[in-house]
Amino acid sequence: NTRDPAALREMIESIRATEARVSHLTIEQRAAARVPCALLGRDGACTIHVFRPIGCRSWTSFDREACDAALRDARPGHTGPQDHANYVAAGCLTEGLQLACGDAGLMADHREFHAALLVALTRPDAVNHFVSGGAVFDECPRVISESLRTRGHQAGLPPE
């Protein structure tokens, strides 16, 4: 972290406020609530762009209007032109990391970003606890998508 202590406290409070608003929502409910990421600056730009999560890296759109329409329609993501290879690669990378974490005995499921980030930033032993197999992120809500759950159920997959 390269932020001064006051800026770090401000960022943590922003994350805490956003986590309280979104951690109990499904992906679809969050899109409808239109709650922006706590890490967006006042100008709307990502303040951690170089370090952004894989999920954020995968949504490279070539059509601002399509993104704006998805936001107006309260839909997660969009169907406009995007870097499909980047999107697929990010999905494969995420799945590979999940498998590797599972094989290593580490938590390998999806947790709400703001809740997990809050734990990582405020719990001094979070990283060491995680890499030693501790359940440091168990308190963080799982990420749930009603549309994916419905599709999985229709395909005969067990519920999450």
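Reading the values: the criteria
- Residue positions are counted from 1 within each chain, in the order its sequence is given.
- Given that the model is predicted, a residue must reach a pLDDT of at least 70 before its local features are reported, and side-chain atom pairs must reach 80 or more before they are shown or counted; all residues, however, enter totals for whole chains, interfaces and linings.
- To get the side-chain values, take all heavy atoms of the structure and skip hydrogens and water.
- Numbered from the N terminus, helices here are DSSP runs of H or I no shorter than four residues, and strands are runs of E no shorter than two.
- Any pair of residues with heavy atoms lying within 4.5 Å of one another is described as a contacting pair.
- By salt bridge we mean one thing: a side-chain nitrogen of Lys or Arg within 4 Å of a carboxyl oxygen of Asp or Glu.
- Buried means the residue's accessible area, taken with a 1.4 Å probe over protein chains only, is under 20% of the maximum for its type, while exposed means over 50%, and partly exposed covers the values in between.
- Here a polar contact means two N or O atoms within 3.5 Å. Within protein one must be a hydrogen donor candidate and the other an acceptor candidate, and residues neighboring in sequence count only if both atoms are side-chain atoms.
- Two rings from Phe, Tyr or Trp (for Trp, the six-membered ring) form a pair when their centres sit within 6.5 Å of each other. Planes less than 30 degrees apart are called stacked, planes more than 60 degrees apart edge-to-face, and all others tilted.
- Scored from 0 to 100, pLDDT records how confident the predictor is in each individual residue.
- Only C-alpha atoms enter the line fits that serve as axes; for helices the fit covers just the stretch in contact. Angles between N-to-C directions range over 0 to 180 degrees.
- By definition, turning the near helix anticlockwise from the far helix through less than a right angle yields a left-handed crossing, and turning it clockwise yields a right-handed one.
- The nonpolar class holds Ala, Val, Leu, Ile, Met, Phe, Trp, Tyr, Cys and Pro. Asp, Glu, Lys and Arg form the charged class, and all remaining residues, Gly among them, are polar.
- In plain words, nonpolar cores are sets of buried Ala, Val, Leu, Ile, Met, Phe, Trp, Tyr and Cys residues tied together by side-chain atoms within 4.5 Å.

Draft legend 1. Looking closely at the side chain of Thr18. Secondary-structure assignment places Thr18 in helix α1 (residues 5-22). With residues near it in sequence (within four places) discarded, Thr18 still touches Val35, Pro36, Ala38 and His114.

Draft legend 2. Main features of the pattern of salt bridges. Counted under the stated rule, the structure contains seven salt bridges. Arg111 is paired through a salt bridge with Asp109; the nearest N and O atoms lie 3.1 Å apart. On the basis of relative accessible area, Arg111 is assigned to the buried category, the value being 15%. Among the residues examined, Asp109 registers a relative accessible area of 27% and is labelled partly exposed. Connected via shared salt-bridge partners are Asp109, Arg111, Asp138 and Arg142.

Draft legend 3. Highlighting unusual backbone geometry. Positive phi is not limited to glycine here, since Arg34 has a value of about 55°. Positionally, Arg34 belongs in the loop between α2 (27-33) and α3 (54-58). With relative accessibility at 45%, the residue Arg34 sits in the partly exposed group.

Draft legend 4. Broad picture of helix α6 (residues 113-122). Of the positions making up α6, those classed as buried are His114, Ala115, Ala116, Leu117, Leu118 and Val119. In this structure, the buried residues of α6 make contact with α1, α2 and α7 (126-131). The backbone nitrogen of His114 has a side-chain oxygen 2.9 Å away, supplied by the residue at the start of α6, namely Glu112.

Draft legend 5. Main features of the packing of aromatic side chains. Using the criterion set out here, one finds one aromatic pair in the structure. A ring pair is formed by Phe130 and Phe137, whose centres lie 5.8 Å apart and whose planes are at 65°; its orientation type is edge-to-face. Assigned by exposure class, Phe130 and Phe137 land together as buried.

Draft legend 6. Region of interest: the confidence of the model for the chain. Mean pLDDT over the chain: 82, with 82% of residues reaching 70 or higher. The low-confidence segment residues 152-160, where pLDDT is below 50, has four contacts with residues more than four positions distant or belonging to other chains.

Draft legend 7. Summary view of the packing of α1 against α6. One way to put it is that α1 packs onto α6 with a least axis distance of 8 Å and a crossing angle of 145°. Crossing of α1 against α6: the hand is left-handed. Residues Met11, Ile12, Ile15, Arg16, Thr18, Glu19 and Val22 of α1 lie in contact with α6, whose contacting residues are His114, Ala115, Leu117, Leu118, Leu121 and Thr122. When grouped by side-chain class, the residues that make up the contact of α1 with α6 number eight nonpolar, three polar and two charged.

Draft legend 8. Here's a closer look at the nonpolar core. One finds Leu106, Met107, Ala115, Ala116, Val119, Ala126, Phe130, Val136, Phe137 and Cys140 forming the largest nonpolar core, which totals ten residues. Looking at this core, the elements that each hand over two or more residues are α6 and α7. Ranked by residue count, the leading element in this core is α6, at three residues. Not counting residues within four places of it along the chain, the set of residues in contact with Leu106 comprises Cys101, Phe130, Val131 and Gly133. Core analysis: the second largest hydrophobic core is formed by eight residues, Met11, Ala38, Ile48 and Leu118 among them.

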